[in-house]
Amino acid sequence: MSVRRLAPDAVQPASFEFRGENVAWVEALIAKYPPGKQASAVIPMMMRAQEQDGWVTKAAIEWIAAKLGMAKIRVLEVATFYTQFLLAPVGSVAHVQVCGTTPCMLRGSDEILSICKSRIHLDPFHVSDDGKFSWEEVECLGACVNAPMVAVFKDTYEDLTPDSFNALLDGFASGNPPKPGPQNGRHGALPEGGATTLTDPELYKGAYLVNLLKQPTVAETPAAAVAEAPAPAPVAAEAATRAAAETQTKPAAKRVRKPKESGSDGGAAE
Ligand code: FES
């Protein structure tokens, strides 16, 4: 975990305001909390500020602190603790978060990072020359089974290869990013090539439905069989009657006392 500080004053905007639909969204968010508990809105509010401006500015932190009646340092603590909050300007179309944790590393995240360094910037958190991209290495993003993977804002792109990652950057640059998820054609986290177990479609109809489907319907049952069928005895009453009869006919079990065994010392007391 690296030290996380606010961006230099030179890049900080002078002020912050929520704009457009975010204005009403913020008021509705705060109203969800009981009086005196508005500080609980700090994380979603700061995330909304990041979605609006691309990163969390010092002015946004101060604005949120004032709005929620919090000390500025409290909001700053939250902003610097969670790595999801970006504290410096990022690429205008994509800030690429590359997972570098063990499963992704074993599956080729080093190659993804090399492409970031050559195509975006040698160092993380630096915006590319065209202003469109930036990158950083992050810890596990929770899609290890589809390693290696990257996250771009709220979307993840998985099962990457150098070729598919280059295509991903090209897609963002041209305004036509690929569909999020696995980039090798597999569905979710299914095995590559499709499912290999539990492939019987009957399994997915539900056990209850399967049993129902095996029963003849009323329409299929012959009318004569229905008419002659004896009325079923109430199950509980039948069981109680049988239990009472067994109790009366069964002799009480005698307790058989086991004879004492005598040992070499003449036998121990029981
Ligand atoms: S290790 Fe990369 S997503 Fe978990």
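This text follows the structure it describes.
For the structure given in this document, a descriptive report is provided here. The structure displayed is predicted, hence computed values, not measured ones. (Residues numbered from 1 in each chain as written. Predicted model: local features only at pLDDT ≥ 70, side-chain atom pairs only at ≥ 80, totals over all residues. Heavy atoms only, no water.)

Right, let's get into the overall build of the protein. Along its length, the protein carries ten helices and five strands. Here the protein, with 270 residues, has 29% of them falling under the buried criterion. The long-range share in the protein, meaning contacts at least 24 apart out of those at least 6 apart in sequence, stands at 63%. Summed over all atoms, the accessible surface of the protein reaches about 18,000 Å², with 58% contributed by carbon and sulfur. (Helix = DSSP H or I, 4+ residues; strand = E, 2+ residues; numbered from the N terminus. Buried < 20%, exposed > 50% of the residue type's maximum accessible area, 1.4 Å probe, protein only. Contact = heavy atoms within 4.5 Å. Areas by Shrake-Rupley, 256 points an atom, 1.4 Å probe, with all protein chains shown as cover.)

Ranked by internal contacts, the top residues of the largest apolar core, which has 23 residues, are Val-42, Met-45, Met-46, Ile-64, Leu-68 and Val-75. Of all the secondary-structure elements, those providing two or more residues to this core are α1 (21-31), α2 (42-53), α3 (58-68) and α4 (72-81). Top contributing element to this core by residue count: α3, with six residues. In this structure, Val-75 is in contact with Val-42, Met-46, Ile-61, Ile-64, Ala-65 and Met-70, ignoring residues within four places of it in sequence. One finds Ala-94, Val-96, Ile-112 and Cys-116 within the second-largest nonpolar core, a separate group that totals 18 residues. (Core = buried A, V, L, I, M, F, W, Y, C linked by side-chain atoms within 4.5 Å.)

Taken as a whole, the largest pocket spans an internal volume of roughly 960 Å³. Taken together, 33 residues form the lining of the largest pocket, with Thr-83, Gln-84, Leu-86, Gln-97 and Glu-136 sitting closest to its centre. Of all the elements in the fold, those that place two or more residues in the lining of the largest pocket are α2, β1 (94-99) and β2 (133-138). Per-element accounting of the lining of the largest pocket gives the leading share, four residues, to β2. Per-class residue counts for the lining of the largest pocket are 18 nonpolar, eight polar and seven charged. Two domains each donate at least three residues to the lining of the largest pocket, and these are domain 1 (9-81) and domain 2 (94-182). (1 Å grid on protein atoms, 1.4 Å probe; cavity = no way out; pocket = protein on both sides within 12 Å on 5 of 7 lines; lining within 4 Å. Points joined across faces, edges and corners; volume = space filled by probe spheres on them. Nonpolar A, V, L, I, M, F, W, Y, C, P; charged D, E, K, R; others polar. Domains from an automatic or database assignment.)

The next subject is the packing of α1 against α2. It is the contact of α1 with α2, at a shortest axis distance of 11 Å, that shows an interaxial angle of 170°. Taken together, α1 and α2 sit at an angle that is classed as roughly antiparallel. Residues Glu-21, Asn-22, Trp-25, Val-26, Leu-29 and Ile-30 of α1 touch α2, and the partners they reach there are Pro-44, Met-45, Arg-48 and Gln-52. Here the residues of the contact of α1 with α2 are counted per class, giving six nonpolar, two polar and two charged. (Axes fitted to C-alpha atoms, helices over the stretch in contact; angles between N-to-C directions. Parallel < 35°, antiparallel > 145°, perpendicular 65-115°, else oblique.)

On the surface, Ile-43, Phe-81 and Tyr-82 cluster together into a nonpolar patch covering about 300 Å² of accessible area. As for its placement among the helices and strands, Phe-81 is situated in helix α4. Residue Phe-81 is classed as exposed on the basis of its relative accessible area of 57%. (Patch = residues over 30% accessible without salt bridge, like charges linked within 9 Å, V, L, I, M, F, W, Y side chains within 5 Å. Salt bridge = Lys/Arg side-chain N within 4 Å of Asp/Glu carboxyl O.)

Within the open sheet, the five strands sit side by side as β2-β1-β3-β4-β5. Their pairing is mixed. In this open sheet, the two strands that pair with only one neighbour each are β2 and β5 (181-182). Relative to β2, β1 is paired through six bridges, and the arrangement is parallel. Each residue of the ladder has a partner; that of Gln-97, found in β2, is Glu-136. In the packing of helix α6 (residues 109-119) onto the sheet, the strands contacted are β1, β2 and β3 (150-152), and the crossing angle to β1 comes to about 150°. (Pairing = 2+ DSSP bridges.)

Taken together, Asp-110, Glu-111, Glu-137 and Glu-139 make up a surface patch of like negative charges. If you trace the backbone, Asp-110 turns up in helix α6. (Lys, Arg positive; Asp, Glu negative; His and termini not counted. Charge placed at Lys NZ, Arg CZ, Asp CG, Glu CD.)

For helix α7 (residues 162-173), which comprises twelve residues, the first-to-last C-alpha distance of 17 Å matches the rise-based estimate of 16 Å (1.5 Å per residue) to within 8%. Among the residues of α7, those classed as buried are Ser-164, Phe-165, Leu-168, Leu-169, Gly-171 and Phe-172. Each buried residue of α7 sits inside an arc of 160° when the element is viewed along its axis, so together they form one side. Looking at the buried side of α7, the elements it contacts are β1, α6, β2, β3 and β4 (155-158). Two residues or fewer after α7 comes Gly-175, characterised by a positive phi angle close to 80°. (Expected span 1.5 Å × (residues − 1). Arc of directions from axis to C-beta.)

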